[in-house]
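Structural characterization, general
If you want the building blocks of each chain, they are given just below.
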Amino acid sequence: MKNRIALKLLMYFAASLLLMTLVSGTLFQALFTNHTMQTKKEEMLRQAQTLAESLSSVMGDMKMGGQGAGYGALVRAMALIEPNVWILDEQLNFLAAGHMSATMLQYADLPEDADTLVQAVFAGRTPFSEGFSDLLGLPTLTVGVPIWQGSVVAGALLLHDGVAGIQEASAQGVRLMALSGLAALLVATLLATALSNRFAKPLNRMQQTAQRLTEGDYQAVTGIRQNDEIGKLATAMDQLSQRLFDAKTEADQQEQLRRDFLANVSHELRTPVTVLRGSLEALCDGVAQPGPQTAAYHSQMLRETIALQRLVNDLLDLSRLQNPAFPIENTTVNLQDALTDVLYSAGQLARPRGIRIERHIPAEPVFLQGDYGRLRQMFMIVLDNAVKFSPMDGEITVMLTSRSVSIADQGPGISPEDLPHIFDRFYKLNNEANRQGSGLGLAIAREIANRHGMHVEVDSEPGQGATFHFIWAAAV
Ligand code: ADP
């Protein structure tokens, strides 16, 4: 069956209904029969006792009046008024019987417990029996009461009454219960179908979504909005697929970056290697004349080797800094010292081009926890760019505060389109000022800043120069 949940629910409902109907039916039958029987017994006993008392008092009067002969007639008259009454003596002889035929009955016709019953009555008790049912041809209850004459029992009055009605009523009750059980089963079937639709549909949807996820379709969503456990499960599943989608997108981006990086590295390596090879071939083949031509080849090779070495060093630095397992020193660094140190080196580069470096460094030291060498390297990269891009006789301003370092130049500035990319690996502008650049400098600077919990910001507009800010949370 397609809808297994519906079948299961129906089976559970049907089983519990059946059990409930059986238990309540049995209980009902037992309680109802018991109660009705009890009421019947009380009523019959009262009636029989009233009859017996009337007989005893009449017999007493007669005895006092000395008219004993009328007693037999009275007994018969009584039996006629109440046809279900038998009056017997101790030997089970009929003194009178409402059932006309009963007086014809012999001792042998009476049921087995008739004797016991009559003896119990003569002993002064009021016993009940159902033993007369066969004899009277229908389910019958019999009560026996003594007819007292003074302190002696003069006769046994047996009152019979049919109990078929009680059994019929009880059977009717059971039938009604069975019918209502069936009706409940019908309702349960409808309910099970409705409920299973409510449960099975979203579950099927989730199963399909899970299937799509296993096939790598991370955009699959259940789209189920329900305020219950199923709804929560569906939401969790949707979140899971969103996470998987994000992870996949990130992995794809990483993969793309890795490929780009490899392509960039190969490209950057190819130029110097080609130049080196060309120069070496010319030298080996003897194409270059000894003297100034050979010297030119040698100096070209030296320049390319230096560029190659710088590129390899930069790559090594970058890959080390990007590796979280690569340790950097963690000492207390006085940024005053670090900047003074860097500015000395930058000054060497700036001076030949008439560039001035304006310093705003406070008198009191500014401390930062970190790696002196790396911080120096970071500031040097930015200062090197500032010098590189500054016009002749330009000015560079370096400012240190308790929570930031800013380096500003008067160069060409950076266009808004380039600005978001200048920290990317191998991103560089191919202009005259930047011929030697590898495009790795700012990427390294940002990694160092990250390692020191610093945030890097750049303010720049084309033609307005550029300002690099290194900002950290609080001074140590
Ligand atoms: P490079 O080694 O080529 O200088 P960087 O990563 O240091 O590489 O810089 C990336 C690019 O950012 C440069 O090519 C240049 O276009 C731009 N840039 C960096 N600093 C400045 C600056 N001070 N003024 C203008 N452009 C800059």
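Computed from a predicted structure; not experimentally measured.

Check the secondary structure of the chain and you find ten helices and twelve strands. Whereas a compact globule of 476 residues would reach a radius of gyration of roughly 23 Å, the chain reaches 58 Å, over 25% beyond that. Expressed along its principal axes, the backbone C-alpha trace of the chain runs to roughly 180 × 60 × 35 Å. Taken across its 476 residues, the chain has 35% of its residues classed as buried.

Once that is clear, we can look at the pattern of salt bridges. Within this structure, the stated rule accounts for 14 salt bridges. Of the charged contacts, one joins lysine 40 and aspartate 161 as a salt bridge, the two residues approaching to 3.0 Å between their closest N and O atoms. Here aspartate 161 lies in strand 5 (residues 152-162) and lysine 40 lies in helix 1 (residues 4-65), a separation of 121 residues in the sequence. On the basis of relative accessibility, which here comes to 18%, the residue lysine 40 falls in the buried class. When salt bridges with common partners are traced through the structure, they connect Glu255, Arg258 and Arg259 into a single cluster.

Structurally, lysine 248 can be placed in helix 6 (residues 229-284). Residue lysine 248 is classed as partly exposed on the basis of its relative accessible area of 37%. The spacing of lysine 248 and tyrosine 218 is 30 residues in sequence and 8.2 Å in space, taken between C-alpha atoms.

Relative orientation of the contacting elements helix 7 (residues 292-322) and helix 10 (residues 441-451) amounts to 30°, with a least axis distance of 10 Å. Taken as axis vectors, helix 7 and helix 10 run roughly parallel relative to one another. Remark: the crossing between helix 7 and helix 10 carries left-handed chirality. Of the residues in helix 10, those in contact with Asp314, Asp317, Leu318, Arg320, Leu321 and Gln322 of helix 7 are Ala443, Ile444, Glu447, Ile448 and Arg451. Classifying every residue of the contact of helix 7 with helix 10 gives five nonpolar, one polar and five charged.

Right, let's talk about the pairing of strand 5 for a bit. Side chains on a regular strand alternate between the two faces of the sheet. Examined bridge by bridge, strand 1 (residues 85-88) and strand 5 share four bridges and lie antiparallel to one another. Note on strand 5: the bridge partner recorded for valine 85 is leucine 159. In the sheet, strand 4 (residues 140-149) pairs with strand 5 via ten bridges, with the strands oriented antiparallel. For glycine 144, the partnering residue across the bridge sits in strand 5 and is leucine 158.

Here we come to the environment of histidine 469. On the secondary structure map, histidine 469 appears in strand 12 (residues 466-471). Placed 457 residues apart in sequence, histidine 469 and tyrosine 12 show a C-alpha to C-alpha distance of 72 Å. Ignoring anything within four residues of it in the chain, the contact list for histidine 469 reads Val405, Ser406, His455, Val456, Glu457 and Asp459. Polar contacts involving the side chain of histidine 469 include one to the side chain of aspartate 459, which spans 2.8 Å.

Core analysis: the largest hydrophobic core is formed by 49 residues, its most contacted members being Leu335, Met378, Phe379, Ile396, Ile407, Phe468 and Phe470. Of all the secondary structure elements, the ones that give two or more residues to this core are helix 7, helix 8 (335-350), helix 9 (372-389), strand 9 (395-401), strand 10 (404-408), helix 10, strand 11 (455-460) and strand 12. Among the elements that make up this core, the one with the highest residue count is helix 9 (nine residues). Lining this core are residues from two domains, each supplying at least three of them: domain 2 (248-322) and domain 3 (331-471). Once residues within four sequence positions are removed from consideration, isoleucine 407 is found in contact with Phe379, Val382, Leu383, Ala386, Ile396, Thr397, Val398, Ala466, Thr467 and Phe468. Listed in part, the 18 residues of the second largest apolar core include Met37, Met78, Leu141 and Leu157.

Attention now goes to helix 3 (residues 113-122). Listed as buried for helix 3 are Ala114, Leu117, Val118, Ala120, Val121 and Phe122. Contacts made by the buried residues of helix 3 are with strand 1, strand 3 (128-129), strand 4 and strand 5.

Attention now goes to the sheet that holds strand 12. Within the open sheet, the five strands sit side by side as 7-9-10-12-11. Their pairing is mixed. Edge positions in the sheet fall to strand 7 (356-360) and strand 11, since each has one partner strand and no second. Going from strand to strand, the sheet's axes swing by 15° on average, the running direction of each strand aside. In the sheet, strand 9 pairs with strand 10 via five bridges, with the strands oriented antiparallel. Paired with leucine 400 across the bridge in strand 10 is valine 405.

This brings us to helix 5 (residues 164-214). Each turn of an α-helix holds 3.6 residues, which means side chains three or four residues apart point in the same direction. Between its terminal C-alpha atoms helix 5 stretches 71 Å, which fits the 75 Å expected from 51 residues at 1.5 Å a residue. Of all the bends in helix 5, the largest measures some 25° and sits at asparagine 197. Among the residues of helix 5, Ile166, Ser170, Gly173, Gly181, Ala188, Ala192, Ser196, Ala200, Pro202, Met206, Thr209 and Leu213 are the ones counted as buried.

Within strand 4, eight of the ten residues are buried, which leaves the element mostly enclosed by the surrounding structure. Taking the residues that link successive antiparallel strands as the turn, the strand 4-strand 5 hairpin has two residues, and the phi of glycine 150 there is positive, at about 70°.

The next thing to look at is the side chain of aspartate 238. Considering the arrangement of structural elements, one finds aspartate 238 in helix 6. For aspartate 238, a relative accessible area of 12% corresponds to the buried category. Setting aside anything within four residues of it in sequence, one finds aspartate 238 in contact with Val221, Thr222, Gly223 and Arg225.

Reading the values: rules and limits
Residues numbered from 1 in each chain as written. Predicted model: local features only at pLDDT ≥ 70, side-chain atom pairs only at ≥ 80, totals over all residues. Heavy atoms only, no water. Helix = DSSP H or I, 4+ residues; strand = E, 2+ residues; numbered from the N terminus. Rg over C-alpha atoms; globule rule 2.2 N^0.38 Å. Buried < 20%, exposed > 50% of the residue type's maximum accessible area, 1.4 Å probe, protein only. Salt bridge = Lys/Arg side-chain N within 4 Å of Asp/Glu carboxyl O. Axes fitted to C-alpha atoms, helices over the stretch in contact; angles between N-to-C directions. Parallel < 35°, antiparallel > 145°, perpendicular 65-115°, else oblique. Left-handed = near helix turned anticlockwise from the far one by under 90°. Contact = heavy atoms within 4.5 Å. Nonpolar A, V, L, I, M, F, W, Y, C, P; charged D, E, K, R; others polar. Pairing = 2+ DSSP bridges. Polar contact = N/O pair within 3.5 Å; in protein donor to acceptor, adjacent residues only side chain to side chain. Core = buried A, V, L, I, M, F, W, Y, C linked by side-chain atoms within 4.5 Å. Domains from an automatic or database assignment. Expected span 1.5 Å × (residues − 1). Bend = angle between axes of the 7 residues up to and from the residue.

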